[in-house]
Every structure is written in structure tokens, then in C-alpha cells.
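# Observations on the three-dimensional arrangement
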Amino acid sequence: MDDIKKIYLYHQRNAFSKAETLVRYKTRLEHFRIQRESNSLENGNMIWRNILSLLDKIDASHMARSAPQRDFHRTALSACIPIVYGKSYKYNQDVIQNIVGNVSLKKMILNIAARRAGKTTAAAMLAAILILSIPNLTISVVSPNKRSAGGNNGFISKIDEILRTVFKFTNFEKNEERIQITMNSNDTRKLLSFPGGVPEK
């Protein structure tokens, strides 16, 4: 009978030890997840502050934004917040909402503006800011035709102008369809501009 009790107590202690180990493992895993999200959240905060700082730099330059361009940026940035905050966005939306202020957290937006409203310039400003702020970002832009995509006054040229004259940033490669920034071996950022129209015969 004593042997049976010893075996029972051994298995009971062994089961308790395994359960305790599992609890410790889950606790450490949760702690690691929280720490990782905290780091991701802080990194997102830094990127967000940098974006706002670059917007201020534009307004202090010769390319100061018009009221419609400001409205466009305010709306467009709401769709960029999940990209800015990465994995931390899923678990910290309330915290992020307090940080970014009166910005609606949306995944997609549609902006309609009249001709000569500065749409291309406003989009180029935002693209330049995002590509300077977010690691390993790739932005694809589709324009109505080839001239709008990469011509002398096209999207790529606008971004080139903003990077050079407003942000004094020249460390990038450029052709008619692409601007590429290589920050380091683990961080390459690309902006691609394509014509969306049907080519004329």
C-alpha cells in the first residue's frame, strides 16, 4: 500500500511540476509578446513624430501646403497608421488613437479633387515623407499616363524635387519609374511609379 501511495504522490508531483512549467512558459511568452509590442509601439511613435516633423518642414519651405493639401494629408495618414505602427496596431488601437489625436483609423481612403488642386504635389509630398520615415517601405503609384508617371513634371520628378530642395536628401537612386533609398543592408525603400493608361497606337 505504501508503494502505491509513493507512486501516486510521485505522479501527482510530476503532473504539478509540468503544469507549473507550462504556466511559467506561458507567462514568459506573454511577457515577451508584451515587451515586443511595447518596442513596436514606441518605434511607431517615433515614426509618427518624424512624419509630423517632416510635414512641418514642408510648410516652412517654398512648398507650403494649401488647405486642400492639408486635408488630403490628414485623411491619407489615417490609412497609413497600421503601416506606421506595424504589429502593435492590432493590440493597441486605443493607445494609438490617443497618440495620433483626432485622426480616424481607416484602412482605405478615397480622395476626389478638382483639376489644378495640387493632387500630384500633395501625393508626392506624402510619398516622400513616408519613404524617408518607414523602414523597408515600398510604395506603388499608378498615374493616368506615362508623362504623369515619370515625365519632367511627373510624379518621380516631383518627389525628386521635394527630397532635394525641401529635405536636402540626395542619397537615392532614380530613373523614370523608380526612386530607391538604401539606408543599410537591411533597409531598402522603393517608390515605384507606373502609367495606368492604355498606350496610344
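Shown above is the structure to which this text applies.
Residues numbered from 1 in each chain as written. Predicted model: local features only at pLDDT ≥ 70, side-chain atom pairs only at ≥ 80, totals over all residues. Heavy atoms only, no water.

If you walk through the whole model with that rule in mind, you get one aromatic pair. Seen in terms of ring centroids, Phe-169 and Phe-172 are 6.4 Å apart; in terms of plane orientation they differ by 10 degrees. Their pairing is stacked. (Phe/Tyr/Trp six-rings, centres within 6.5 Å; stacked < 30°, edge-to-face > 60°.)

Take the nonpolar core next. Across soluble globular proteins, nonpolar side chains have a tendency to be buried as a group. With 44 residues, the main nonpolar core has Tyr-85, Ile-159, Leu-163, Phe-167 and Leu-191 as its most contacted residues. The biggest single contributor to this core is helix H5 (residues 119–133), with ten residues. Once residues lying within four places of it in the same chain are set aside, the contact partners of Leu-191 are Ala-127, Ile-131, Ile-139, Phe-155, Ile-156, Ile-159, Glu-177, Arg-178 and Ile-179. (Core = buried A, V, L, I, M, F, W, Y, C linked by side-chain atoms within 4.5 Å. Buried < 20%, exposed > 50% of the residue type's maximum accessible area, 1.4 Å probe, protein only. Helix = DSSP H or I, 4+ residues; strand = E, 2+ residues; numbered from the N terminus. Contact = heavy atoms within 4.5 Å.)

With that settled, the discussion passes to H5. Spanning 15 residues, H5 covers 21 Å between terminal C-alpha atoms, matching the ideal 21 Å at 1.5 Å per step. Among the 15 residues of H5, twelve are classified as buried, and the element is accordingly described as predominantly covered. Of all the residues in H5, the buried ones are Thr-121, Ala-122, Ala-124, Met-125, Leu-126, Ala-127, Ala-128, Ile-129, Leu-130, Ile-131, Leu-132 and Ser-133. (Expected span 1.5 Å × (residues − 1).)

In this section: the pairing of strand S4 (residues 187–195). Of the strand pairs in this sheet, strand S1 (residues 138–143) and S4 are connected by six bridges, and their pairing is parallel. Within the sheet, the bridge partner assigned to Thr-138 lies in S4 and is Lys-190. The antiparallel pairing of strand S3 (residues 178–184) with S4 creates a hairpin that spans two residues between the two strands. (Pairing = 2+ DSSP bridges.)

Turning our attention to the environment of Asp-160. Counting through the fold element by element, Asp-160 comes out in helix H7 (residues 155–166). Residue class for Asp-160 comes out buried when judged on its relative accessible area of 11%. Sequence separation between Asp-160 and Lys-174 is 14 residues, and the spatial gap between their C-alpha atoms is 8.2 Å. At 3.0 Å, the side chain of Asp-160 and the side chain of Arg-164 are in polar contact. (Polar contact = N/O pair within 3.5 Å; in protein donor to acceptor, adjacent residues only side chain to side chain.)

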